[in-house]
Amino acid sequence: MRAVLAQTGAPVRRRDVTLRPAATAMVWLGAGQRHERMAVPGVALGPRDVLVAVELSTICGSDLHTVQGRRAAPTPLVLGHESVGRIIAIGDDGASAVDASPLHVGDRVVWSVTVSCEQCDRCRAGFPQKCRDLAKYGHSRVEPRWELTGGFAGHVHLRAGTAIVRVPETLPAPALAPVSCATATAWAAVARAAAVRPLDGARVVVYGAGLVGLTAAVIAAEEGADVRIADPSPDRRATATRFELSAVPPAAVDAESADVVIEASGHAVSAAIDAADTGGVVVLVGSVFPADPVPLDAERIVRGLVTVAGVHNYTGQELAAAVAFMAGRGRAHPFADLVGSVHPLTDVDAALAEAAAPDAPLRVGLTPR
C-alpha cells in the first residue's frame, strides 16, 4: 500500500495489485491505425476502487464510430464499455453495489459506462451520467494509475463513483455484456416514457431495430404495450420477429397513431414526432452524433400536448433495473443469440471489421480467455 497526493493535496491511499501474468489491453492510437497490445503488470487501486477480470466484452456502435473517425476521442485509448466480469481485487475501504450491499472478490458484475464524482450539483440532482467531472469507460484516455480504462482488455480498473451491479451466475455472458450500455439505455428510455404515459395497453412505436431499439421494444411489450418496431433493414426486422415483435418498414407507421414513440435510430426524429398522438410522449435516444438539423412543428407539439424527452446513458438504479429485467422476464427472449461471434481479444481489429460489415450481427464479442 502507498499514499499519493490527490489534486487537492490530500493523500490518497492506494493498494498496489500485481498481475501475473500481466494484464493485456488493446490500445487504439487513432483512425486508420491497428490496435497495439499493452501489458499492464499491476494497478494502483484507490480506497473504493475495484479490479475486474473481464469475461466478455461486446462491440457497441459508438466503438465503431470512434475507430472510423466519426467520433472524437482522446488517444491512446482502450475502447469498450459493454462488459461482464468478475471482481479480483478491491481497495482498502471496500466497495458497494448499487443496492448498497458490500461487494466481494469473486462477485460476477456489470458496471456503468460512466464514473461520477457523486458530489456535484448534477450528481445530487439525480443525473450522475452528466457529472461535471465525468469519466467514461472506453472513452477516456489511458493515464498514469488508470491504464485499464476500457473493456477491450483482460481487466478493467473500476474507479470509485462507478455503478456496479451483481449479475446471476446462470445468465450467459453474451446476454449480460451489453447490459451496461444497450440494455440499460433502453430501460432508461422506456422508463422515461412510462413516467408520462402508462405502458399497459399503450400503443408504442420504436424506430430502429438495433440493440437499443429492439431491447426497448421488448421491455415495453413485457409491460403490456402494443408495440411495433420500424426499421428499413429486412434482416433486422426478421430478428425482431424472433422476439415476438411486430416489425414493419418505417413507411408503414401511420402518423399520429402512437401513445409512446421511442426514436432509437437517430435517423427518424421528425417521423417519430409526427407519429405521436395527442398527449403522447416521444423519447429521443438515438440522436447521439451530429446530424442535419431537424424541422420542428412547435405548434403541433403544443396543441397536441406532446412531450419530447431526451435520454443519454442512465443512472445506477436504471442499470440495476436492466439487470433485474434480464435476469427475470428477459430470460424468455433470445438476447444471448444476438452476439454473432466471439473473437480473441488480440483479434480486436478483425472483430471491429466484422461488426462494421453491412450484414453484421447486432453485437460481436471479444474475450481474453
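So, how was this worked out
Residues numbered from 1 in each chain as written. Predicted model: local features only at pLDDT ≥ 70, side-chain atom pairs only at ≥ 80, totals over all residues. Heavy atoms only, no water. UniProt positions renumbered as here; feature names shortened; annotations may be inferred. Core = buried A, V, L, I, M, F, W, Y, C linked by side-chain atoms within 4.5 Å. Buried < 20%, exposed > 50% of the residue type's maximum accessible area, 1.4 Å probe, protein only. Helix = DSSP H or I, 4+ residues; strand = E, 2+ residues; numbered from the N terminus. Contact = heavy atoms within 4.5 Å. Polar contact = N/O pair within 3.5 Å; in protein donor to acceptor, adjacent residues only side chain to side chain. Pairing = 2+ DSSP bridges. Axes fitted to C-alpha atoms, helices over the stretch in contact; angles between N-to-C directions.

- By the naming in an unreviewed UniProt entry, the protein chain is alcohol dehydrogenase, taken from Microbacterium resistens.
- According to UniProt, the comment filed for the protein chain under the heading Sequence similarities (unreviewed entry) is "Belongs to the zinc-containing alcohol dehydrogenase family."
- For the record of the protein chain, the UniProt heading Cofactor (unreviewed entry) holds the text "Zn(2+)".

1. Quick look at the nonpolar core
Right, on to step 1. Core analysis: the biggest nonpolar cluster contains 55 residues, and Val204, Leu245 and Ile262 have the highest contact counts within it.
Right, on to step 2. The element contributing the most residues to this core is helix α4 (residues 182-194), with eight residues.
Right, on to step 3. The residues contacting Val204, other than those within four sequence positions of it, are Leu199, Ala220, Ala225, Asp226, Val227, Arg228 and Val260.
Right, on to step 4. If you look at the next biggest cluster of nonpolar residues, it comprises 29 residues, including Val78, Val142, Ala153 and Ala351.

2. Looking at the side chain of His157
Right, on to step 1. Structurally, His157 can be placed in strand β8 (residues 155-158).
Right, on to step 2. At 2.9 Å, the side chain of His157 and the side chain of Asp49 are in polar contact.
Right, on to step 3. If we ignore the near neighbours within four places in the chain, the residues touching His157 are Val43, Ala44, Leu45, Asp49, Val50, Leu51, Tyr137, Arg145, Trp146 and Leu148.

3. With respect to the UniProt feature "domain: Alcohol dehydrogenase-like N-terminal" (unreviewed entry) in the protein chain
Right, on to step 1. Sites flagged by UniProt as "domain: Alcohol dehydrogenase-like N-terminal" (unreviewed entry) map to residues 46-168.
Right, on to step 2. Taken end to end, residues 46-168 is 9% helix and 30% strand, and its two terminal C-alpha atoms sit 27 Å from one another.

4. Section: the sheet that holds strand β14 (residues 276-284)
Right, on to step 1. Read from one edge of the open sheet, six strands run β12-β11-β10-β13-β14-β15, paired in parallel fashion. In this open sheet, the two edge strands, each paired with only one partner strand, are β12 (246-248) and β15 (307-310). Geometrically, the sheet is characterised by an average inter-axis angle of 20° between neighbouring strands, direction not taken into account.
Right, on to step 2. Examined bridge by bridge, strand β11 (residues 226-230) and β12 share three bridges and lie parallel to one another. Bridge assignment links Ile229 to a residue of β12, and that residue is Ala247.
Right, on to step 3. This element, α4, spans β13 (258-263), β14 and β15 of the sheet and lies at about 155° to β14.

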